[in-house]
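# Residue-level structural notes
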Amino acid sequence: MCNFVDITSIHWNSHNNLLATAASDGIARIWNEDGEIEQILHIQEGILYSAKWNPSGNFLITAGEDPKIVLWDTESWDISQSFESGSPILEVAWKNDVEFATASNDCLVRTWNIHNANPIRVFEGHSSSVTFIEWDPAGSFLASGSEDNTVRIWSPLQDNPVMNFDGHTQAITSLKWSKTGIGTDNPHLPPYLATASRDSNIKIWNLNNGKCLTTLIGHKEGVLSLSFSNDHRYLASGGTTEMIIWALRDGSQIRKLKTQGIVYNLAWSKDGKFIALCYPNNVAIVET
């Protein structure tokens, strides 16, 4: 799949039958379950860093080195809207079907509404490029990770971060909210946040007091990607030479798979039977 270019992002749609990939050639590709290309989207210049479906799957956002953010209608595959960020976008995260956030290399986090050309809010606080962002399942908080080694938690209702996590010693390479708490199938369980870094460690953070619950150690080098299973039982992490599946009940390793190379991104299928691994120049689907 998709040879000779670096794949930078992968994302399943909500129906779990289409996979969007972003790549260094500036093209977003839409793949079906048989590994065939359904659609090719190419309007932006430079590397494409993110291609993300909204929750309903009727829109897809593509963003990257080109400061233009493009919103695609996934029925017609026409451009529905575009937004000028003024800076390259490194990551996109949907809050709901009409609101999303962007992380950029100007150290800023912006929130947007698809019906407005300008950002709703601009968050300042990081001292280096913001590389990862993700909304919590309830859409109440936005987590951002940066090359300044820190993670910040933002509320859409205020300008300053509500929490700062400073436990990593190198740049943040991934972060993921647990599938617990309000807005999930496990509302009785408290929410927490997993973060990964070039320091090779994964940390699980308590959102009630801002303290680190545990540190998962097992990768030889930097951890580049994280993904929780939908049943809240497992966390998958991808590194430079291996993928590890961790049992969340006790932090033990239940599977360690030697990979084809660097795992830039991971995505569990909704039923938990498969994980998509994003390598520099292809995507592999493995059974769990």
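Presented here is an overview of the structure given in this document. Source: prediction; values computed, not measured. (Residues numbered from 1 in each chain as written. Predicted model: local features only at pLDDT ≥ 70, side-chain atom pairs only at ≥ 80, totals over all residues. Heavy atoms only, no water.)

Further remarks concern the overall build of the chain. In terms of helices and strands, the chain carries zero helices and 27 strands. Against the globule reference of 19 Å for 288 residues, the chain gives a C-alpha radius of gyration of 17 Å, in line with a compact fold. With the principal axes as the frame, the chain shows a C-alpha extent of 45 × 45 × 35 Å. The proportion of buried residues among the 288 residues of the chain is 55%. Considering only residue pairs separated by 6 or more positions, the chain has 40% of its internal contacts joining residues 24 or more positions apart. With an accessible surface of roughly 12,400 Å², the chain has 45% of that area assigned to carbon and sulfur atoms. Between the mean site of the 20 positive side-chain charges and the mean site of the 32 negative ones, the chain shows a separation of 9 Å. (Helix = DSSP H or I, 4+ residues; strand = E, 2+ residues; numbered from the N terminus. Rg over C-alpha atoms; globule rule 2.2 N^0.38 Å. Buried < 20%, exposed > 50% of the residue type's maximum accessible area, 1.4 Å probe, protein only. Contact = heavy atoms within 4.5 Å. Areas by Shrake-Rupley, 256 points an atom, 1.4 Å probe, with all protein chains shown as cover. Lys, Arg positive; Asp, Glu negative; His and termini not counted. Charge placed at Lys NZ, Arg CZ, Asp CG, Glu CD.)

Overall, the coordinates contain eight aromatic pairs when judged by the stated rule. Taking the centre distance of 6.2 Å and the plane angle of 70° together, the rings of Trp53 and Trp77 count as edge-to-face. With a gap of 24 residues between them, Trp53 in strand E5 (residues 48-53) and Trp77 in the loop between strand E7 (68-73) and strand E8 (79-84) connect regions that are remote in the sequence. With relative accessibility at 4%, the residue Trp53 sits in the buried group. On the basis of relative accessible area, Trp77 is assigned to the buried category, the value being 15%. Considering the side-chain rings of Phe165 and Trp205, the 4.5 Å spacing of their centres and the 0° angle between planes classify their relative orientation as stacked. Remark: Trp205 occurs in strand E19 (residues 201-206) and Phe165 occurs in strand E16 (residues 163-165); sequence separation between them is 40 residues. A connected cluster of aromatic rings, assembled from ring pairs, spans Phe83, Trp94, Phe100 and Trp112. (Phe/Tyr/Trp six-rings, centres within 6.5 Å; stacked < 30°, edge-to-face > 60°.)

On to the nonpolar core, then. Ranked by size, the top nonpolar core spans 23 residues in total, and within it Ile153, Phe165, Leu193, Leu207 and Leu235 carry the most contacts. Breaking this core down by element, the ones donating at least two residues are strand E15 (151-154), E16, strand E17 (172-177), strand E18 (192-197), E19, strand E21 (225-228) and strand E23 (242-247). For this core, the element with the most residues is E18, which contributes four residues. With residues near it in sequence (within four places) discarded, Leu193 still touches Ala143, Val151, Ile153, Phe165, Lys176, Trp177, Lys203, Ile204, Trp205 and Leu207. One finds Leu18, Ile30, Trp53 and Leu60 within the second-largest nonpolar core, a separate group that totals 13 residues. (Core = buried A, V, L, I, M, F, W, Y, C linked by side-chain atoms within 4.5 Å.)

Time to look at unusual backbone geometry. In this model, Asn16 sits at a positive phi of 65°, which is unusual for a non-glycine residue. With respect to the helices, strands and loops of the structure, Asn16 is situated in the loop between strand E1 (7-12) and strand E2 (18-23). With relative accessibility at 18%, the residue Asn16 sits in the buried group.

Before going further, it helps to spend a moment on the pairing of strand E27 (residues 283-287). Where strand E26 (residues 274-278) lies against E27, five bridges are found, and the strand directions are antiparallel. When the bridges of E27 are listed, Ala276 appears paired with Ile285. Linking E26 to E27, which pair antiparallel, is a turn of four residues. (Pairing = 2+ DSSP bridges.)

Moving on, we get to the sheet that holds E27. Read from one edge of the open sheet, three strands run E25-E26-E27, paired in antiparallel fashion. The open sheet has two free edges, formed respectively by strand E25 (265-268) and E27, since each of these has just one partner strand. Each neighbouring strand pair of the sheet contributes to a mean axis angle of 20°, computed without reference to strand direction. (Axes fitted to C-alpha atoms, helices over the stretch in contact; angles between N-to-C directions.)

What follows covers the sheet that holds strand E11 (residues 109-113). The strand order across the open sheet formed by four strands is E9-E10-E11-E12, and the pairing between neighbours is antiparallel. Each edge of the open sheet is held by one strand with a lone partner, namely strand E9 (89-94) and strand E12 (121-123). Each neighbouring strand pair of the sheet contributes to a mean axis angle of 20°, computed without reference to strand direction. Alignment of E9 against strand E10 (residues 99-104), held across five bridges, turns out to be antiparallel. Bridge assignment links Ala93 to a residue of E10, and that residue is Ala101.

Looking now at the environment of Leu175. The residue Leu175 is located in strand E17 in this model. In this structure, the C-alpha to C-alpha distance between Leu175 and Thr195, residues 20 residues apart in sequence, is 4.3 Å. Sequence-distant contacts of Leu175, that is, excluding residues within four places in its chain, are made with Phe132, Ile133, Glu134, Ala143, Ser144, Gly145, Val151, Ala194, Thr195 and Leu226.

What is shown is where atoms sit, not what they do.
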